[in-house]
Amino acid sequence: MDIVTVLAIVFALVTAVGAAALAVSAWAVRRFRALPMPVPARRPPITILKPLCGAEAELADNLRSFIRQDYPAFQIVFGVQNPADPAIAVVERLVAENPGMDMTLVVDATRHGTNLKVGNLLNTLRSAKHDLLIIADSDIRVPPGYLDAVAADLETPDAGLVTCLYTGRGAEGPWARLGVAFINHGFLPSVLLGRLTGRRDGCFGATMALSRATLDRLGGLERFRDHLADDYALGAAVRELGQPLTLSPCVVATTVTERNAKDLIAHEIRWMRTVRAIEPSGHAGSIVTFPVFWSVIALLGSLAAGLPELGVASLLLALGVRFAAGRIIDRALEQPATPLWLLAARDLLSAGLLLASFCGTTVTWRDARYRVDSEGRLHFCGEES
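Below is a summary of the structure that appears in this document.

### Focus: the pattern of salt bridges
Consideration 1: As enumerated under the stated definition, the model contains 14 salt bridges in all.
Consideration 2: For the salt bridge of Asp148 with Arg43, the shortest nitrogen-to-oxygen distance reads 2.9 Å. With a gap of 105 residues between them, Asp148 in helix α5 (residues 146-153) and Arg43 in the loop between α1 (3-33) and β1 (46-51) connect regions that are remote in the sequence.
Consideration 3: With relative accessibility at 18%, the residue Asp148 sits in the buried group.
Consideration 4: Among the residues examined, Arg43 registers a relative accessible area of 37% and is labelled partly exposed.
Consideration 5: Salt bridges linked by common partners bring Glu58, Arg141 and Arg169 together as one network.

Written out as structure tokens, the structure reads:
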């Protein structure tokens, strides 16, 4: 048996492994979404910290979803660093619309490190009134009962940090739709697949809830002022204390706004290079989970080896499982059906970007370039031209 034939068979086997992983991850999503929402025995007061930068798409509606929570006592602290930030007008309008709500706007240009989000959070933390803290990114929209679900998971005696998975929403245009597919059919299922294998290290900026006492024990937010993946670093620090990371069954949503290929690729390369810096072997191994990508290679290899049936079977298997898994995931997440062409294109794009993530260490974030070191720390390289 020549090397071309061997490679064709290997690629077909990798396709089958990827299809099996995809099927299991779809089942994991459906099982996770069937979990009941926890109900807290008591409802202690909570402070929500919202770092803002710019008037992002749907910002007002995203913030309203927090304001409209049916919860007895909670405070929201909004933070901006630029006095001319257009997000200030959005917050001021929301404050005027809800005169009875406990909301504070902090405008403070103080920088505490290379991660501007963490610097913003450090400025807002001084205004937090309550001992339970929730940090949630500005592009997050939450469902009714969100605060109750998070509070319930924080009630356990050994509670460390509670986090939430998120879906993508607000897709206008093909690039934003590809971004949504990355979240709903790549990121979210991969997290739940990892949990089936025993991983419990996921911590996501969509929601990071913990007590002030826990935050103080791990050294405060100052510890993460130079980390690009501040959410991952915060979760790792909590686990170092011997406390668990709890994944709430409450799934929130993030607004996807990429309007062109450049924005989408820059965003996802930043994310992938951050993951690669933190966990290179796991990141590299995740390429197996793109069966459409491997089926195309298997098809080309099989044609070269004179085994077209093997290649066609691999492609049909990958497309069939990708389609079925896509339908299961979309129904579980209560999302519109994603067309097969988009799912297949997403597989190919994800595999390509994963490979590209190993071809450099620089990322673009907030119109500036940074180098990410092996611990996920940021080093400023210069402004984007």
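### Some points on the pairing of strand β3 (residues 102-107)
Consideration 1: Across six bridges, strand β2 (residues 74-80) lies against β3 in parallel orientation. Across the sheet, the residue bridging to Ile76 is Met103, located in β3.
Consideration 2: As a crossover connection, the stretch from β2 through helix α3 (residues 87-97) into β3 is right-handed.

### Points about α5
Consideration 1: In terms of burial, α5 is a largely internal element, eight of the eight residues being buried.
Consideration 2: Residues of α5 that are buried: Tyr146, Leu147, Asp148, Ala149, Val150, Ala151, Ala152 and Asp153.

### Considerations on the environment of Ala345
Consideration 1: As for its placement among the helices and strands, Ala345 is situated in helix α13 (residues 340-356).
Consideration 2: The class of Ala345 is partly exposed, set by a relative accessible area of 30%.

### Some details on the packing of aromatic side chains
Consideration 1: By the definition in use, this model includes seven aromatic pairs.
Consideration 2: Ring geometry for Phe187 versus Phe204: centroids 5.3 Å apart, planes at 90°, classification edge-to-face. Placement of Phe187 in helix α6 (residues 174-196) and of Phe204 in the loop between α6 and β7 (208-211) is noted, with a sequence separation of 17 residues between them.
Consideration 3: Assessed through its relative accessible area of 10%, Phe204 is described here as buried.
Consideration 4: Ring-pair connections join several aromatic residues into one group, and the members of that group are Tyr166, Phe182, Phe187, Phe204 and Trp271.

### Some points on the nonpolar core
Consideration 1: Membership of the largest hydrophobic core comes to 75 residues, with the highest contact counts inside it found for Ile46, Tyr146, Leu165 and Phe187.
Consideration 2: With nine residues, α6 is the largest single contributor of residues to this core.
Consideration 3: The residues touching Tyr146, leaving out its near neighbours within four places in the chain, are Phe66, Gln69, Ile134, Ala136, Cys164, Ala206, Thr207, Cys250 and Val252.
Consideration 4: Grouped together as the second largest cluster of nonpolar side chains are 23 residues, Val106, Ile135, Cys203 and Met208 included.

### Some thoughts on the packing of α6 against helix α9 (residues 261-278)
Consideration 1: The N-to-C vectors of α6 and α9 enclose an angle of 25°; their axes lie 9 Å apart at closest approach. On the basis of their axis angle, the class for α6 and α9 is roughly parallel. Handedness of the crossing formed by α6 with α9: right-handed. Contacts between α6 and α9 involve Trp175, Leu178, Gly179, Phe182 and Phe187 from the former and Ala261, Leu264, Glu268, Trp271 and Met272 from the latter.
Consideration 2: Residues belonging to the contact of α6 with α9 are distributed by class as follows: eight nonpolar, one polar and one charged.

### Focus: the environment of Ala253
Consideration 1: With respect to the helices and strands, Ala253 occurs in strand β8 (residues 245-255).
Consideration 2: The buried category is assigned to Ala253, whose relative accessible area is 12%.
Consideration 3: Sequence separation of Ala253 and Ser65 is 188 residues, and the distance between their C-alpha atoms is 11 Å.
Consideration 4: Not counting the four nearest positions on each side in its chain, Ala253 is found in contact with Asp139, Ile140, Arg141, Tyr166, Thr167 and Arg169.

Procedures and definitions
- Residue positions within a chain follow its written sequence, with the count starting from 1.
- Two thresholds apply to this predicted model, a pLDDT of at least 70 for residue-level local features and 80 or more for giving and counting side-chain atom pairs, whereas whole-chain, interface and lining totals are computed over all residues.
- No hydrogens and no water enter the side-chain calculation; it runs on all heavy atoms of the structure.
- We define a salt bridge as a contact between a side-chain nitrogen of Lys or Arg and a carboxyl oxygen of Asp or Glu at a distance within 4 Å.
- Numbering goes from the N terminus for both helices and strands, where a helix is a DSSP run of H or I of at least four residues and a strand is a run of E of at least two.
- Classification of residues uses two cut-offs on accessible area relative to the type maximum, computed with a 1.4 Å probe and protein chains only: under 20% is buried, over 50% is exposed, and between them is partly exposed.
- Here the rule is simple: two strands pair whenever DSSP picks up at least two bridges between them.
- Throughout, right-handed denotes a crossover for which the path from the first strand over the helix to the second runs clockwise when the strands point away from the viewer.
- Only centres within 6.5 Å qualify two rings of Phe, Tyr or Trp (six-membered ring in Trp) as a pair; their planes then separate them into stacked at under 30 degrees, edge-to-face at over 60, and tilted for everything else.
- Residues enter a nonpolar core if they are buried and are Ala, Val, Leu, Ile, Met, Phe, Trp, Tyr or Cys, with the set joined through side-chain atoms within 4.5 Å.
- The contact criterion used is simple: two residues touch if any of their non-hydrogen atoms lie within 4.5 Å.
- With axes taken as lines fitted to C-alpha atoms, and helix axes fitted only over the stretch in contact, angles between N-to-C directions fall between 0 and 180 degrees.
- Should an angle lie under 35 degrees it is considered roughly parallel, over 145 roughly antiparallel, and from 65 to 115 roughly perpendicular; all remaining angles are considered oblique.
- Helix crossings fall into two classes, left-handed where the near helix is turned counterclockwise from the far one by less than a right angle and right-handed where it is turned clockwise.
- Three classes are used: nonpolar for Ala, Val, Leu, Ile, Met, Phe, Trp, Tyr, Cys and Pro, charged for Asp, Glu, Lys and Arg, and polar for all others, with Gly counted as polar.

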